[in-house]
Amino acid sequence: MFESLSDRLGGVFDRLRGRGALTEADVRAAMREVRVALLEADVALPVARDFVDKVTEQAIGQNVLRSVTPGQQVVKIVHDALIAMLGADESSLLLDVTPPAVVMMVGLQGSGKTTTTAKIAKRLTQGSLTGRERKKVLMASLDVNRPNAQEQLATLGTQVEVATLPIIAGQQPVEIARRAMQAAKLQGYDVLMLDTAGRLHVDQALMDEMKAVADIARPQEILLVVDSLTGQDAVNVAQNFSDQVPLTGIVLTRMDGDARGGAALSMRAVTGKPIKFAGTGEKMDALEAFHPERVAGRILG
Ligand code: GDP
């Protein structure tokens, strides 16, 4: 991920660092190239513009140009601005409540919601997301639209050794949520993960269903799963969801196939929501906590 952006920026910064002294015009020329590189990576236009304006202002405004290593200083400013654009480090899940803590997964069909639900559940049972404490996790699929969606989650549950709520044919999402809450309480689960139904598009029926489920389950975390390969569309989808439900974070899937990375770069600035995880493959272990600092480091090489 970020390969082409990283290459492009690497070239710009090598040239900047290669010069002894820098003029304001040199910085402006370099920043024009940075802007093009960001747009080619599919970063939203206002985000790219804002980023370049801020960096330019800092690089020219401070004593950077008179310093001994001006090129290096500019790279540092870009590095810090990238971290700010990606958001603070907030990848942990906040599940410190009287059990069961509820994590509600939302998103469009095919975004990777069910897969991600099982991946996160697996991590929770291993204790790797919440300060090493192993959680007892129950998963429930509320997806009554897609044939076999509930069975798919049950199969993944078996694979990752996480319990799933028994399926009762014909039950509607709100009833399933209620039953899942009861089961989680009675059976002493620490965390209940609700995999809600996806849709092909964001529509009112989907939003109403999510709100009804959230009213019953009172989730601590509402994670939106979006496909990073859809670039700016992913950001638009996130904005739509975010306007309707109080999202606590975003999971970007298919980062393994995303060489551009525009969704990751624009997401925080556009939606104000932190990216908490990145899906990096189909396997159950292919999930990474999203650390802006590491990502910025990866982009700048
Ligand atoms: P849902 O409809 O949103 O529940 O989507 P699924 O969880 O069924 O995922 C759809 C497809 O995407 C499946 O084939 C998954 O294996 C695949 N998938 C999910 N996450 C990732 C990921 O991070 N990387 C890759 N390469 N594939 C993924």
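Since the structure is predicted, the reported quantities are computational estimates derived from the model, not experimental observations.

Asker: Could you give an account of the packing of aromatic side chains, with specific residues and numbers?
Answerer: For the structure shown, the criterion picks out 0 aromatic pairs. Between Lys136 and the ring centre of Tyr189, over which it is positioned, the NZ or CZ distance is 4.7 Å.

Asker: Give me the site of the ligand: which residues, what numbers.
Answerer: Near the ligand, the surroundings consist of 18 residues, among which Gly110, Thr114, Thr115, Arg254 and Asp256 are the closest. Within the contact set of the ligand, a nitrogen atom lies 2.7 Å away from a side-chain nitrogen or oxygen of Asp256. Between the ligand and Gly281 there is a distance of 3.2 Å, counted from a nitrogen atom to a backbone nitrogen or oxygen. Expressed as a share of its isolated accessible area of 580 Å², the protein-covered part of the ligand is 81%. Taking a 2 Å distance to the grid points as the criterion, the majority of the atoms of the ligand fall inside the largest pocket. A total of 4 residues in the shell around the ligand trace back to one element, the largest contributor, which is helix α5 (residues 113–126). Of the residues contributing to the shell around the ligand, the split by class is 1 nonpolar, 11 polar and 6 charged.

Asker: Pulling in residues and values, what's your account of the packing of helix α7 (residues 173–186) against helix α8 (residues 204–217)?
Answerer: At a minimum axis separation of 9 Å, α7 and α8 run at an interaxial angle of 20°. The angle between α7 and α8 places the two elements in the roughly parallel class. With respect to the hand of their crossing, α7 and α8 are arranged in right-handed fashion. Judged by residue contacts, Pro173, Val174, Ala177, Arg178 and Met181 of α7 engage Glu209, Ala212, Val213, Ile216 and Ala217 from α8. Counted by class, the contact of α7 with α8 contains 8 nonpolar, no polar and 2 charged residues.

Asker: So what about empty space enclosed by the protein? Which residues, and what values?
Answerer: Think of a ball as big as a water molecule: rolled over the atoms, this probe shows where empty space is left. Considering all chains together, one arrives at 1 cavity of 30 Å³ or more under this definition. One number sums up the size of the largest cavity: a volume of about 60 Å³. Lining the largest cavity are Ala140, Ser141, Gln150, Leu153, Ala154, Thr164, Leu165, Pro166, Ile167, Ile176 and Arg179. Going through the elements one at a time, β2 (137–141), α6 (149–160) and α7 are the ones with two or more residues in the lining of the largest cavity. In terms of residue count, α6 provides more of the lining of the largest cavity than any other element does, 3 residues in total.

Asker: So, α6: which residues are in play, and what are the values?
Answerer: If you check α6, its first and last C-alpha atoms are 17 Å apart, about what 12 residues at 1.5 Å a residue would give, namely 16 Å. Restricting attention to buried positions, one finds in α6 the residues Ala149, Gln150, Leu153, Leu156, Gly157 and Val160. Down the axis of α6, the buried set is contained in an arc of 125°. They therefore lie on one face. In α6, the exposed residues that point more than 90 degrees away from the buried face are Thr155, Thr158 and Gln159. For α6, the secondary structure elements touched by its buried residues are α5, β2, β3 (163–164), α7 and β4 (191–195). Two residues or fewer after α6 comes Glu161, characterised by a positive phi angle close to 60°.

Asker: Which residues make up the pairing of strand β1 (residues 101–107), and what are the values?
Answerer: Counting buried residues in β1 gives 7 out of 7 residues, a clear majority hidden from the surface. Neither face of β1 is open: one carries Ala101, Val103, Met105 and Gly107, the other Val102, Met104 and Val106, and all of them are buried. As paired elements, β1 and β4 share 5 bridges and run parallel to each other. Residue Met104 lies in a different strand from β4, and its bridge partner there is Leu194. Pairing between β1 and strand β5 (residues 221–227): 5 bridges, direction parallel.

Asker: Describe the nonpolar core, naming the residues involved and giving the relevant values.
Answerer: Ranked by size, the top nonpolar core spans 80 residues in total, and within it Phe51 and Phe241 carry the most contacts. The element best represented in this core is helix α4 (residues 70–86), accounting for 9 residues. With residues up to four places along the chain from it excluded, the contact list for Phe241 reads Val106, Gly107, Leu108, Val202, Leu206, Met207, Met210, Leu224 and Leu247.

What counts as what
Residues numbered from 1 in each chain as written. Predicted model: local features only at pLDDT ≥ 70, side-chain atom pairs only at ≥ 80, totals over all residues. Heavy atoms only, no water. Phe/Tyr/Trp six-rings, centres within 6.5 Å; stacked < 30°, edge-to-face > 60°. Lys NZ or Arg CZ within 6 Å of the ring centre and 35° of its normal. Near = heavy atom within 4 Å. Polar contact = N/O pair within 3.5 Å; in protein donor to acceptor, adjacent residues only side chain to side chain. Areas by Shrake-Rupley, 256 points an atom, 1.4 Å probe, with all protein chains shown as cover. 1 Å grid on protein atoms, 1.4 Å probe; cavity = no way out; pocket = protein on both sides within 12 Å on 5 of 7 lines; lining within 4 Å. Sits in = over half its atoms within 2 Å of the grid points. Helix = DSSP H or I, 4+ residues; strand = E, 2+ residues; numbered from the N terminus. Nonpolar A, V, L, I, M, F, W, Y, C, P; charged D, E, K, R; others polar. Axes fitted to C-alpha atoms, helices over the stretch in contact; angles between N-to-C directions. Parallel < 35°, antiparallel > 145°, perpendicular 65-115°, else oblique. Left-handed = near helix turned anticlockwise from the far one by under 90°. Contact = heavy atoms within 4.5 Å. Points joined across faces, edges and corners; volume = space filled by probe spheres on them. Expected span 1.5 Å × (residues − 1). Buried < 20%, exposed > 50% of the residue type's maximum accessible area, 1.4 Å probe, protein only. Arc of directions from axis to C-beta. Pairing = 2+ DSSP bridges. Core = buried A, V, L, I, M, F, W, Y, C linked by side-chain atoms within 4.5 Å.

Nothing here speaks to function; it is geometry throughout.
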